[in-house]
Amino acid sequence: MENGRAIIIGASHAGAQLCASLRQEGWAGEILVIGDESSLPYHRPPLSKTYLSGKKSLDELLIRPLSFYEKHTITFRHARVTTINRQARTITLSDGEEIGYDKLALCLGARPRRLPVEGTELPGVHYLRDADDIEGIRAGLGNAKRVTIIGAGYIGLETAASLRTLGGVEVTVLETAERVLQRVTAEELSAFYARVHREEGVELRTGVTVAAIEGDEHVRGVRLGDGELVEADLVIVGIGVVPNTELAEAAGLSVDDGILIDSNSLTSDPDIVAAGDCASYFITRYGRQHRLESVPSAGEQAKVAAATMCGKTKAISALPWFWSDQYDLKLQIAGLNDGYDSVELRGDPDNGRSFACFYFKDGEMIAADCVNRPKEFMFARRVINERLPIDRTQLADPESSLSELMKASPADKV
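Here is what the cut-offs are and how they apply
Residue positions are counted from 1 within each chain, in the order its sequence is given. Side-chain atom pairs in this predicted model are given and counted only at pLDDT of 80 or more, local residue features only at pLDDT of at least 70, and totals for whole chains, interfaces and linings cover all residues. Values reported for side chains reflect all heavy atoms of the structure, with hydrogen atoms and water molecules removed beforehand. Burial classification: accessible surface area is computed with a 1.4 Å probe over protein chains only, and a residue below 20% of its type maximum counts as buried, one above 50% as exposed, and the rest as partly exposed. Helix and strand assignments come from DSSP, with helices taken as H or I runs of at least 4 residues and strands as E runs of at least 2, each series counted from the N terminus. In this description, one arc is meant: the one made by directions from the helix axis to the C-beta atoms. Should any heavy atoms of two residues lie within 4.5 Å, those residues are counted as being in contact. Within 3.5 Å is the distance limit for a polar contact, defined as a pair of N or O atoms, with the added protein rule that one can donate a hydrogen and the other accept it, and that residues adjacent in sequence qualify only through two side-chain atoms. DSSP calls a pair of strands paired once it identifies at least 2 bridges connecting them. Under this scheme, a helix contributes an axis fitted over its contacting stretch, all axes are lines through C-alpha atoms, and angles between N-to-C directions fall in the 0 to 180 degree range. Put simply, a salt bridge is a Lys or Arg side-chain nitrogen that is within 4 Å of an Asp or Glu carboxyl oxygen. Think of a nonpolar core as a cluster: buried Ala, Val, Leu, Ile, Met, Phe, Trp, Tyr and Cys residues, connected wherever their side-chain atoms sit within 4.5 Å. For a helix, the expected span equals 1.5 Å multiplied by the number of residues minus one.

Draft legend 1. Examining helix 4 (residues 131–141) more closely. All of the buried residues in helix 4 are A131, I134, I137 and L141. Down the axis of helix 4, the sector holding all buried residues measures 115°, keeping them to one side. Along helix 4, the residues that are exposed and aim more than 90 degrees away from the buried face are D132 and A139. Buried residues belonging to helix 4 abut helix 2 (58–61), strand 9 (125–127), strand 10 (146–150), helix 5 (154–166) and strand 16 (234–237). The N-terminus of helix 4 is capped by D130, whose side-chain oxygen sits 3.2 Å from the backbone nitrogen of D132.

Structure follows, in structure tokens:
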């Protein structure tokens, strides 16, 4: 089978890793990667940061250079796949061409969630997911004095930070929830980021609803639910993403907020794997199904998927982790904080720009948010992954030694 044709749909982070890992795992046959962008796979997290600011070009963001793919005889094709025929093991492109496969990988990613109000098609209204989106935003910034961002999640706040760092524009962020990052962080972290953004000149408005985006030939403002018009020359919408599962669902694969995969990245079809933002799997550490929007997770799933396609057995096992860069702040996130019942702080989030927030459930650490605290991040990853008991009193004391805390752990001595 390793001499057949492997097709990867999606030139994403997962797709880029999967094609490379296929060769590493011994796939000697054809590898075809089909993507809907003309560019080779590139790093997406820097789009709202160094690419938006103009500090890096798209070529500098490429995950691997063209020479790598040529050396390993990996072929890229700019096209759109419309159907998968699992019985015939073929895919059909938008131009009607059919291509057969021996093994198929779905690295379909996700797309921006659309704002369900009038006016979103006006010139000057942008979403942020790929390099073309950034090009449109950068072009619009030339004539913009006021930028309004809808959504105070990580994408919205990272974009706000980049725009304020660039200078030249007033930035307003609108959020329906009562606090920024409400869906993913504790109140202490929300308050910290709200403080920092306001100190950097961002106007934050929480607890507001968007009724419409208004303008004539170009956007001129965002109408709120209470009737107020927030004037804007450019609007950026960042309210989350939707996994691209339609192709898989139409092919009869199991889907539930993502293409369902097992610990080997295998879908409900033995010849089809999936990886990345489009995939959902059961995370044993947390005892539930989850779809992770995470570059590290996409990479691990892709490596496992490549092994599976080559008839080997590997399993997804790494603790989920994430990061966010805003201003001089590097937030590193270990684990998933869903269902936490208490938090422990190390450092002062009300002053300065460095602290850690540890999440606990039933007395056990399940996640951590670490702002400019790399040692605490590495500490938390081990504690969460190995389920080590920790003295919370010592943990909260910034003068206490993390290494000593580890040494004091009974589980660590077993």
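Draft legend 2. Representation of the sheet that holds strand 11 (residues 170–175) in the model. Read from one edge of the open sheet, 5 strands run 9-16-10-11-12, paired in parallel fashion. Only two strands of the sheet have a single neighbouring strand rather than two, namely strand 9 and strand 12 (203–206). In this sheet, neighbouring strand axes are inclined to one another by 20° on average, regardless of whether the strands run parallel or antiparallel. Direction of pairing for strand 10 relative to strand 11: parallel, over a ladder of 5 bridges. Counted as the bridge partner of T148 is T172 from strand 11. Taken strand by strand, helix 4 contacts strand 9, strand 10 and strand 16, and its axis lies near 150° from that of strand 9.

Draft legend 3. Structural view of the pattern of salt bridges. According to the stated counting rule, one finds 32 salt bridges in the structure shown. With a shortest N-O distance of 2.9 Å, R129 and D277 are connected by a salt bridge. Pair noted here: R129 is in the loop between strand 9 and helix 4 and D277 is in the loop between strand 19 (272–274) and strand 20 (279–283), with a separation of 148 residues, a long-range link. Of the charged contacts, one joins E214 and R223 as a salt bridge, the two residues approaching to 2.9 Å between their closest N and O atoms. Bridged by salt links that share partners, the residues R195, E199, E200, D328 and R353 form one connected network.

Draft legend 4. The arrangement of the nonpolar core in detail. If you look at the biggest cluster of nonpolar residues, it comprises 117 residues, and the most contacted ones within it are I9, L18, L22, I91, L106, Y193 and F379. What I91 contacts, discounting residues up to four positions off in sequence, is I7, I9, I34, V81, T83, I84, E97, E98, I99, Y101 and L104. Formed by 17 residues, the second largest nonpolar core is a distinct cluster that contains V117, V208, V219 and V237.

Draft legend 5. Molecular detail of helix 8 (residues 295–309). The end-to-end C-alpha distance of helix 8, which contains 15 residues, comes to 21 Å, matching closely the 21 Å that a straight helix rising 1.5 Å per residue would cover. Counting buried positions along helix 8 yields 12 of 15 residues, so the element is predominantly enclosed. Among all positions in helix 8, only S297, A298, G299, E300, Q301, A302, V304, A305, A306, A307, T308 and M309 are buried. Each element contacted by the buried residues of helix 8 is listed here: strand 1 (5–9), helix 1 (13–24), strand 7 (103–106), strand 19 and strand 20. The distance from a side-chain oxygen at the start of helix 8 to the backbone nitrogen of S297 is 3.3 Å, and the residue carrying that oxygen is S294. Immediately downstream of helix 8, the backbone of G311 shows phi near 80°, a positive value.

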